[in-house]
Amino acid sequence: LLLYGELPKKSELDTFKADIEANSVVDENFLKIFDTFPRDAHPMAMLTAATVGLSTVYQKESDPSNKAFTEKNIRRLIGQFPILCAAAYRHNRGEKRLTPKKGADYCENFM
């Protein structure tokens, strides 16, 4: 509703959910960005830096005038943001980062 201004049909929602899950893995090398923050860093500051940092990973697909790139990046961000939140949370608690096989594994096990 927020993205397209109307509720999706069941098939559209199923496709959207599958796309989010397919884009939920964050590269372990990228997650090392959290190692650079002080343990008591504010989680929102860490998430802001990590979100901006993702643009360096996908810089070849960041043309805002390209609707397909924008759509792909929206789904990536929605899929990867919970992983970034979990990484910030674990870092703040001094806990080891998990290495998931897929993004949903990370979210289920981070607490």
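Everything numeric in this text was worked out from a predicted model, so none of it was measured.

Rules and cut-offs
- Residues numbered from 1 in each chain as written.
- Predicted model: local features only at pLDDT ≥ 70, side-chain atom pairs only at ≥ 80, totals over all residues.
- Heavy atoms only, no water.
- Salt bridge = Lys/Arg side-chain N within 4 Å of Asp/Glu carboxyl O.
- Helix = DSSP H or I, 4+ residues; strand = E, 2+ residues; numbered from the N terminus.
- Buried < 20%, exposed > 50% of the residue type's maximum accessible area, 1.4 Å probe, protein only.
- Patch = residues over 30% accessible without salt bridge, like charges linked within 9 Å, V, L, I, M, F, W, Y side chains within 5 Å.
- Areas by Shrake-Rupley, 256 points an atom, 1.4 Å probe, with all protein chains shown as cover.
- Contact = heavy atoms within 4.5 Å.
- Core = buried A, V, L, I, M, F, W, Y, C linked by side-chain atoms within 4.5 Å.
- Polar contact = N/O pair within 3.5 Å; in protein donor to acceptor, adjacent residues only side chain to side chain.

Caption draft 1: Quick peek at the pattern of salt bridges. Per the counting criterion, the structure on display carries nine salt bridges. A salt bridge links Glu61 to Lys72; its shortest N-O distance comes to 3.4 Å. Of this pair, Glu61 sits in the loop between α3 (43–57) and α4 (67–92) while Lys72 sits in helix α4, placing them 11 residues apart in sequence. Assessed through its relative accessible area of 36%, Lys72 is described here as partly exposed. Here Arg76 and Glu61 are joined by a salt bridge, their closest N and O atoms 2.6 Å apart. One end of the pair, Arg76, is in helix α4; the other, Glu61, is in the loop between α3 and α4, with 15 residues separating them in the sequence. Like Glu61, Arg76 is buried. A single network of salt bridges, built from pairs that share partners, joins Asp19, Glu71 and Arg75.

Caption draft 2: Just the environment of Glu71, in detail. Along the chain, Glu71 turns up in helix α4. The sequence separation of Glu71 and Leu3 amounts to 68 residues, and the corresponding C-alpha distance is 9.8 Å.

Caption draft 3: Molecular detail of a nonpolar patch on the surface. Where nonpolar side chains cluster on the molecular surface, the patch consists of Leu3, Tyr4 and Ile78 and spans about 270 Å² of accessible area. Take Ile78: it is sitting in helix α4. The class for Ile78 is partly exposed, based on a relative accessible area of 36%.

Caption draft 4: Layout of the side chain of Arg76. Under the relative-accessibility criterion, Arg76 is labelled buried at 10%. Apart from the residues lying within four places of it in its own chain, the contact partners of Arg76 are Asn23, Tyr58 and Glu61.

Caption draft 5: Main features of the nonpolar core. Of all hydrophobic cores here, the largest spans 14 residues; its most connected members are Val26, Phe30, Leu31, Phe34, Met46 and Leu84. Looking at this core, the elements that each hand over two or more residues are α2 (28–31), α3 and α4.

Caption draft 6: Molecular detail of the side chain of Glu61. Side chain to side chain, Glu61 and Arg76 meet in a polar contact 2.6 Å long. Discounting residues that sit within four places of it in the chain, Glu61 has contacts with Phe69, Lys72, Asn73 and Arg76.

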